[in-house]
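For reference, the chains in residue letters:
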Amino acid sequence: MPTASWHSIEVNECPSCGSPDILYVNSLSNRIESVWNPRFGETNNMARCLDCNVRHLTRLSRLGEQATPEILEEIIHLQENPPPEYAYDNPTCVMCKKFTLDTPSYRAVSVILNSSSDQLVIVHDNNYCRSVCDGCHNTYAGGRGRYYSHITPTILTNIEGNYHCQTCVSTDLAERNLNLVDDFDTCENCNSYELRDNLQWFNDETYCQTCYDDHVFRCEDCSVWRWDDADHECENRRQESYLIHEYGYKPRPEFFGTNPRTRLYFGLEIEVENTNTDKTLHDQASLVVEKLGARVYLKEDGSLNDGFEIVTHPHSLDAWQNDFQWSVFRSFREAGLRAWDTDTCGLHVHVSRNAFGKVYDNPTTRAESILSRQHHEVKFMKLFYDNERQICRIAGRSGSSYANFRDKGHLVEKVKWYDGIPHMETRGGRGAAINTQNENTIEVRVFKGSIQPHRLLSAIELVHAGVEYTRDLNILGSKNMVEVGGKMRSTALSWLAFSGYISSNVETYPHLTAMMIKLFETDSVLFESYDNPTDQERF
């Protein structure tokens, strides 16, 4: 026989719904702890109003196999046997019939029942249960927000933005020799009575001046007047939104490349600004999509003034060098798109995260694969971070808030993985020079924006070279260790060693080689030996 019972605690605001009511607990509170589903809260024995208790028990009863038949029977018993009435001395509000409490929202206040009666009643001191006349300042039962069917409330009349009781309305109109029916019309938005001469027309409806000023705007794109919450999309906006997607847009990637076994793909994010006042952003977006087609899509970017982001689908290095329409970028510049000549545009290179680690055809366990990938990612990032000055020369800009090097010395934290997801807490954040907070790619953000093909290709080749150079690199091997200042240092990640690798692979990295020669041919930085520590303590 079920024995579960209710227990009344106090009258107070229910912690679940906020209403002033009798709060109850039940005898199952402790017994059902073992079957509690965390989705429904952290504790069972919280005192709630009866309605919230019933909803709580209903959710518990849906746990099915997690609850024993005995507990389910007790729950049903509680639902079918509500507690007896609770004796409470404080008055209830005549408007909402809820208890009065010693709280600001539910404090008892004595008010006039209506404008045609001297009777005083008790209501809550809030805008739902009482209202104040702006003329005589009397307080009446009946709020401005909603009304209750069990009592006739005082309906204050809104005249020109001020709420008046019936007496004040009559007095005011008599003094002004006006008639509410003949001289006034209502605002369609706030229902305020306004003199007909003071009303504004919009879409065959009348509005008070305040509502008209707050809600009626002229579209900057098509010059059409519109209501602010209307679903207005002018032709320019519809076309533009079709081409330029919101920032979070991520379509299914399409991979371009001739080698089906490669995992090393690169994607570009090219930020551009429109500097041609004779062309709209839609015109420029149409040009880019027309020329590059399915290889790219466009996105909004809040860091740009009047531009968009050209995002490419993943391409292998071979596809970038031999199967991409680089010649069309001249037409972008001729149309007025700019990147390098701005202070807002950047260039980001994404590289496939699963391209890091052991060679692709070498089977490993999942744990070994992740560990191998992490070791490779650290070496790759350390190459860039330890050679910041030289990397920034090639990138065209020094570290900024959008490509900072604050993670230097803390690179291991950037590649930590938990349950297959990259660790999200790093010192540089998503604006780090190398962002590791994406699950499927590593994002190299150091580059200044450009729409010059040779700069874009040199950026891709630099990232590719960094990945392949560090893949099997033993940075602590005896051949790579030298004594500097009484300490053993590794030269494997020095700029000199990396430059040697690039010079040995000129055919693979022709644009990067040309860029380095141009930048460093008169600069000893190309031949600088390792000048930053790379021991494990700096990882």
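Check the entry above for the structure.
These numbers come from a predicted model, not from an experiment. (Residues numbered from 1 in each chain as written. Predicted model: local features only at pLDDT ≥ 70, side-chain atom pairs only at ≥ 80, totals over all residues. Heavy atoms only, no water.)

Participant: So what's going on with the layout of surface pockets? Residues and values would help.
Facilitator: Volume-wise, the largest pocket comes out at about 1200 Å³. Looking at the largest pocket, it is lined by 48 residues, and the ones nearest its centre are K250, E269, H350, N438 and T441. Those elements that place two or more of their residues in the lining of the largest pocket are β16 (265-274), β17 (296-299), β18 (307-312), β21 (346-352) and β25 (441-448). The element best represented in the lining of the largest pocket is β16, accounting for six residues. Classifying every residue of the lining of the largest pocket gives 14 nonpolar, 18 polar and 16 charged. (1 Å grid on protein atoms, 1.4 Å probe; cavity = no way out; pocket = protein on both sides within 12 Å on 5 of 7 lines; lining within 4 Å. Points joined across faces, edges and corners; volume = space filled by probe spheres on them. Helix = DSSP H or I, 4+ residues; strand = E, 2+ residues; numbered from the N terminus. Nonpolar A, V, L, I, M, F, W, Y, C, P; charged D, E, K, R; others polar.)

Participant: Break down the environment of S372 for me, with residues and values.
Facilitator: Positionally, S372 belongs in helix α10 (residues 366-386). Distance in space between the C-alpha atoms of S372 and G357 is 4.7 Å, their sequence separation being 15 residues.

Participant: Describe the environment of A339, and please don't skip the residues or the numbers.
Facilitator: Mapping A339 onto the fold places it in the loop between β20 (337-338) and β21. In this structure A339 touches E271, V272, C345, G449, S450 and I451, once residues within four positions along its chain are discounted. (Contact = heavy atoms within 4.5 Å.)

Participant: Give me the lowdown on empty space enclosed by the protein, citing residues and values where you can.
Facilitator: Applying the stated criterion across every chain yields a total of one cavity of 30 Å³ or more. Estimates place the volume of the largest cavity at around 60 Å³. Lining of the largest cavity is provided by W340, L347, I394, A395, F447, K448, S450, R455, S458 and A459. Where the lining of the largest cavity is concerned, the elements lending two or more residues are α11 (388-395), β25 and α13 (453-471). Per-element tally for the lining of the largest cavity: the top contributor is α13, with three residues.

Participant: Report on the pairing of β16, specifying residues and quantitative values.
Facilitator: With respect to burial, β16 is a largely interior element, ten of its ten residues being buried. Bridge analysis of β16 against β21 gives five bridges, and the strand direction is antiparallel. Bridge pairing in β21 places G267 opposite H350. By the bridge criterion, five bridges tie β16 to β18 in an arrangement that is antiparallel. Residue pairing for β18: E269 is matched across the bridge by V311. Bridge count between β16 and β20: two bridges; the pairing is antiparallel. Looking across to β20, one finds that N274 is bridged to L337. (Buried < 20%, exposed > 50% of the residue type's maximum accessible area, 1.4 Å probe, protein only. Pairing = 2+ DSSP bridges.)

Participant: Tell me about the state of the cysteines, residues and numbers included.
Facilitator: Between two cysteines, a covalent bond joining their sulfur atoms is known as a disulfide. Considering all chains together, one arrives at zero disulfides under this definition. Just so you know, C52 is unpaired, no disulfide at all, and the nearest cysteine sulfur is the one on C49, 3.5 Å from it. Under the relative-accessibility criterion, C52 is labelled buried at 7%. (Disulfide = S-S within 2.5 Å.)

Participant: Can you break down the packing of aromatic side chains residue by residue, with the values?
Facilitator: Under the counting rule described, the total for this entry stands at 19 aromatic pairs. Following the ring pairs from residue to residue traces out a cluster consisting of Y469, W495, F498, Y501, Y509 and F520. The positively charged end of K448 is found above the aromatic ring belonging to W340, 4.7 Å away from the centroid. Seen from the ring of W340, R455 lies directly overhead, with NZ or CZ sitting 3.9 Å from the centre. (Phe/Tyr/Trp six-rings, centres within 6.5 Å; stacked < 30°, edge-to-face > 60°. Lys NZ or Arg CZ within 6 Å of the ring centre and 35° of its normal.)

Participant: Got a sec to walk through unusual backbone geometry? Specific residues and values, please.
Facilitator: Positive phi, normally seen in glycine, also occurs at E160, with a value near 55°. By the secondary structure assignment, E160 is in the loop between β7 (157-159) and β8 (162-164). One non-glycine residue, N191, lies in the positive phi region at around 65°. Counting through the fold element by element, N191 comes out in the loop between β9 (184-186) and β10 (193-195).

Participant: Kindly report on the pattern of salt bridges, identifying the contributing residues and their values.
Facilitator: Counted under the stated rule, the structure contains twelve salt bridges. A salt bridge links R176 to D172; the shortest N-O distance between them is 3.2 Å. Taken as a pair, R176 and D172 lie in helix α3 (residues 166-176) at a separation of four residues, close to a single helical turn. Its salt-bridge partner being E468, residue R471 comes within 3.0 Å of it at the nearest N-O pair. Pair noted here: R471 and E468 are both in helix α13, with a separation of three residues, about one helical turn. You can call E468 partly exposed: its relative accessible area is 26%. Sharing partners across several salt bridges, the network here consists of E160, D172 and R176. (Salt bridge = Lys/Arg side-chain N within 4 Å of Asp/Glu carboxyl O.)

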